Amino acid sequence: MHGSGTGNEGGVPPTAGGEPHAPSGGVDPVFLALERELAVFLRRARAQSGEMAREVHPELEPAAYGLFVRLDDAGPQRATELAGYFGVGKATMSRQLRALEDLGLVARDPDPADGRASLVRLTEEGRDRFRHVRDARRERYVRKLADWDRAEVSELARLLNHFNVRSEG
């Protein structure tokens, strides 16, 4: 990646061949570095999700932003599908959706495939508010990665997608 300098930002001492060596505990330093970087990334992502959710509406909790992303990308879905996608219980998802519904940001429509179920969708106001915040966030990414080669950005996106797909099951 751009700006990687020595390629050893994880702080693991290299061997004579230039590769990091395992500490005495036998834990692979590559996976230690991955764990450390993911922890920082996830902590920052949670904080940013909270900020972005509040930008959509001041009363929203951080988890709401992910719901907006999913509904905008995938379209209307059942609450059970959303709960499964995010790995939360049905009660948690129902509570989150109820809060969004009370604010007029999502609505439920009968599921044409099963009249007993409903599909959750973004309302026009919810979609407009979300897209405004999402577009501003994307502009921040563009600025932060302006000195990266486009191939590096593409590779990062590809690797994150690969990781996410492998993490689903």
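Just so you know, these numbers come straight off a predicted model, no measurement behind them.

### Overview of the packing of aromatic side chains
Tallied over the entire structure, the rule returns 3 aromatic pairs. Seen in terms of ring centroids, Tyr65 and Phe130 are 5.5 Å apart; in terms of plane orientation they differ by 50°. Their pairing is tilted. Pair noted here: Tyr65 is in helix 2 (residues 63-74) and Phe130 is in helix 5 (residues 124-144), with a separation of 65 residues, a long-range link. Tyr65 gets classed as buried once you look at its relative accessible area, which sits at 2%. A residue is classified by how much of its surface remains accessible, and Phe130, at 2% relative accessible area, is buried. Cluster of aromatic residues (ring-pair linked, three or more members): Tyr65, Phe68 and Phe130. Directly above the ring of Tyr85 sits Arg70, whose terminal nitrogen or CZ lies 3.8 Å from the centroid.

### A short note on helix 1 (residues 29-56)
Think of an α-helix as 3.6 residues a turn; residues three or four steps apart then line up on the same face. The terminal C-alpha atoms of helix 1, which comprises 28 residues, lie 40 Å apart, in line with the 40 Å expected from a rise of 1.5 Å per residue. Every buried residue of helix 1 is listed here: Pro29, Ala33, Gly50, Met52, Ala53 and Val56. The N-terminus of helix 1 is capped by Asp28, whose side-chain oxygen sits 2.9 Å from the backbone nitrogen of Val30.

### Description of the packing of helix 2 against helix 3 (residues 79-86)
Where helix 2 meets helix 3, the closest approach of the two axes is 11 Å, and the angle between their N-to-C directions is 115°. Here helix 2 runs over helix 3; the crossing is right-handed. Seen from helix 2, the contacting residues are Gly66, Leu67, Arg70 and Leu71; seen from helix 3, they are Leu82, Tyr85 and Phe86. Looking at the contact of helix 2 with helix 3, its residues break down into 5 nonpolar, 1 polar and 1 charged.

### Digging into the pattern of salt bridges
Taken as a whole and assessed by the stated rule, the structure comprises 11 salt bridges. Its salt-bridge partner being Asp72, residue Arg134 comes within 2.9 Å of it at the nearest N-O pair. Here Asp72 lies in helix 2 and Arg134 lies in helix 5, a separation of 62 residues in the sequence. Here Arg134 falls in the buried class, since its relative accessible area comes to 12%. Note that Asp114 and Arg116 form a salt bridge whose closest N and O atoms lie 3.0 Å from each other. For Asp114, a relative accessible area of 18% translates into the label buried. The exposure class of Arg116 is exposed, given its relative accessible area of 78%.

Definitions and limits used
- Residues numbered from 1 in each chain as written.
- Predicted model: local features only at pLDDT ≥ 70, side-chain atom pairs only at ≥ 80, totals over all residues.
- Heavy atoms only, no water.
- Phe/Tyr/Trp six-rings, centres within 6.5 Å; stacked < 30°, edge-to-face > 60°.
- Helix = DSSP H or I, 4+ residues; strand = E, 2+ residues; numbered from the N terminus.
- Buried < 20%, exposed > 50% of the residue type's maximum accessible area, 1.4 Å probe, protein only.
- Lys NZ or Arg CZ within 6 Å of the ring centre and 35° of its normal.
- Expected span 1.5 Å × (residues − 1).
- Polar contact = N/O pair within 3.5 Å; in protein donor to acceptor, adjacent residues only side chain to side chain.
- Axes fitted to C-alpha atoms, helices over the stretch in contact; angles between N-to-C directions.
- Left-handed = near helix turned anticlockwise from the far one by under 90°.
- Contact = heavy atoms within 4.5 Å.
- Nonpolar A, V, L, I, M, F, W, Y, C, P; charged D, E, K, R; others polar.
- Salt bridge = Lys/Arg side-chain N within 4 Å of Asp/Glu carboxyl O.

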